[in-house]
Amino acid sequence: KQEVTQIPAALSVPEGENLVLNCSFTDSAIYNLQWFRQDPGKGLTSLLLIQSSQREQTSGRLNASLDKSSGRSTLYIAASQPGDSATYLCAVINYGGSQGNLIFGKGTKLSVKP
Amino acid sequence: NAGVTQTPKFRILKIGQSMTLQCTQDMNHNYMYWYRQDPGMGLKLIYYSVGAGITDKGEVPNGYNVSRSTTEDFPLRLELAAPSQTSVYFCASTPRAGSSYNSPLHFGNGTRLTVT
């Protein structure tokens, strides 16, 4: 059974710092991996989607990498800002799972201090 | 540019009551999902639909029912509310082209449900 783990559960950094969020998964037979952002009281916003054949995706100050063989993904945030404060979740879609169902980690709660 | 719209935003139910959580999307997406999110936990799939008239169970379907009579709407029904169903419920949708699941999910803002 696929399990997705995110470490750390919470992270506090000063503004301007570069940071890395980690995501690991136990079954490498994935279709893709997605990173989401969740603000308090809001839904999830898709940040980046990495297909299983890809190694990384970039959007602005965000860079996500994928290493299927080791079951790991990282989300790199450059020059962090207070507006980046949110919970970040990663999720995978398994081959053979419910149609397109995402298996989620519990998230990393990020706080960027001014 | 509404995207995925969920109503209501908040609801308090007494044990044994029933209610329907509404979800509608205006993006003509064929795939729709209902997830629940409990504090400190990841999201769990309740039900999903791959198109109008087609629904199937997810990981935690007990106590819930769904229907998909149109492409736009995917309501979630709680028949006999229990305290264990206290949670935040999210509806999501995505298009699917061919055999690819490589389109991101679009989420609604959620319904916060408390059963007492």
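Just above, that's the structure.
Residues numbered from 1 in each chain as written. Chains lettered and ligands numbered in written order. Predicted model: local features only at pLDDT ≥ 70, side-chain atom pairs only at ≥ 80, totals over all residues. Heavy atoms only, no water.

Overview of the overall build of chain A
Operational definition: For the purposes of this entry, the term helix denotes a DSSP run of H or I that reaches at least four residues, the term strand denotes a run of E that reaches at least two, and both are numbered from the N terminus. C-alpha atoms define the radius of gyration in this analysis, and the globule rule sets the expected value at 2.2 Å times the number of residues to the power 0.38. We call a residue buried when its accessible area falls under 20% of the maximum for its residue type, exposed when it is over 50%, and partly exposed in between, using a 1.4 Å probe and counting protein chains only. Here, residues are in contact when the closest pair of their heavy atoms is within 4.5 Å. Accessible surface area values rest on a Shrake-Rupley calculation with a 1.4 Å probe, where residue burial reflects the displayed protein chains alone. In summary, the charge assignment counts Lys and Arg as positive and Asp and Glu as negative, without counting His or the chain termini. Every charge is mapped onto a representative atom, which is NZ of Lys, CZ of Arg, CG of Asp or CD of Glu.
Counting its secondary structure elements, chain A contains zero helices and eleven strands. When the helices and strands of chain A are placed in sequence order, the string is β-β-β-β-β-β-β-β-β-β-β. Relative to a compact globule of 114 residues, whose C-alpha radius of gyration would be 13 Å, chain A shows 14 Å and is just as compact. Taken along its principal axes, the extent of the C-alpha atoms in chain A is 45 × 30 × 20 Å. Here chain A holds 114 residues, and 44% of them are scored as buried. Partitioning the contacts of chain A with sequence separation of at least 6, the portion at a separation of at least 24 is 55%. Working note: accessible area of chain A is about 5300 Å², and carbon and sulfur atoms make up 47% of it. Computing the positive centroid from 10 side-chain charges and the negative centroid from 8, chain A places the two 5 Å apart.

Here's the deal with the side chain of Q25(B)
All names here are of chain B. Just so we agree on the cut-off: Polar contacts, as used here, are pairs of N or O atoms within 3.5 Å; protein pairs need one atom able to donate a hydrogen and one able to accept it. Residues neighboring in sequence count only if both atoms are side-chain atoms.
Secondary-structure assignment places Q25 in strand β3 (residues 19–25). Separated by 2.8 Å, the side chain of Q25 and the backbone oxygen of H29 make a polar contact. Beyond its immediate sequence surroundings of up to four residues, Q25 is in contact with G3, V4, M32, R68, T71, E72 and S93.

Some thoughts on the environment of N32(A)
Summarising the element assignment, N32(A) is placed in strand β4 (residues 30–38). With sequence-adjacent residues up to four places away left out, N32(A) is seen in contact with L49(A), I50(A), Q51(A), S52(A), A91(A), V92(A), I93(A), Y101(B) and N102(B). A distance of 3.4 Å separates polar atoms of two side chains, one belonging to N32(A) and the other to Q34(A).

So, the packing of aromatic side chains
For clarity, the threshold we go by: The aromatic pairing rule takes the rings of Phe, Tyr and Trp, using the six-membered ring of Trp, and pairs them if the centres are within 6.5 Å, calling planes under 30 degrees apart stacked, those over 60 edge-to-face and the rest tilted. Charge-over-ring placement is defined geometrically: NZ (Lys) or CZ (Arg) within 6 Å of the ring centre, and within 35 degrees of the ring normal.
Tallied over the full model, the rule gives ten aromatic pairs over all chains. Considering the side-chain rings of Y31(B) and Y33(B), the 6.4 Å spacing of their centres and the 35° angle between planes classify their relative orientation as tilted. Both residues of the pair, Y31(B) and Y33(B), count as buried. Every member of this aromatic cluster is reached through a ring pair, and the members are F36(A), F104(A), Y31(B), Y33(B), Y35(B), Y48(B), F90(B) and F107(B). The ring of F74(B) carries R68(B) above its face, with NZ or CZ at 5.9 Å from the centroid.

Examining the nonpolar core
For the record, the criterion: Buried Ala, Val, Leu, Ile, Met, Phe, Trp, Tyr and Cys residues that are joined via side-chain atoms within 4.5 Å together make up what is termed a nonpolar core.
Membership of the largest hydrophobic core comes to 22 residues, with the highest contact counts inside it found for F25(A), L33(A), W35(A), L75(A), I77(A), Y88(A) and L110(A). Of all the secondary structure elements, the ones that give two or more residues to this core are β3 (19–25), β4, β5 (44–51), β7 (62–67), β8 (72–77), β9 (86–94) and β11 (108–113) of chain A. Core analysis: the next-biggest nonpolar cluster, separate from the first, contains 20 residues, F36(A), A91(A), A92(B) and Y101(B) among them.

Nothing here speaks to function; it is geometry throughout.
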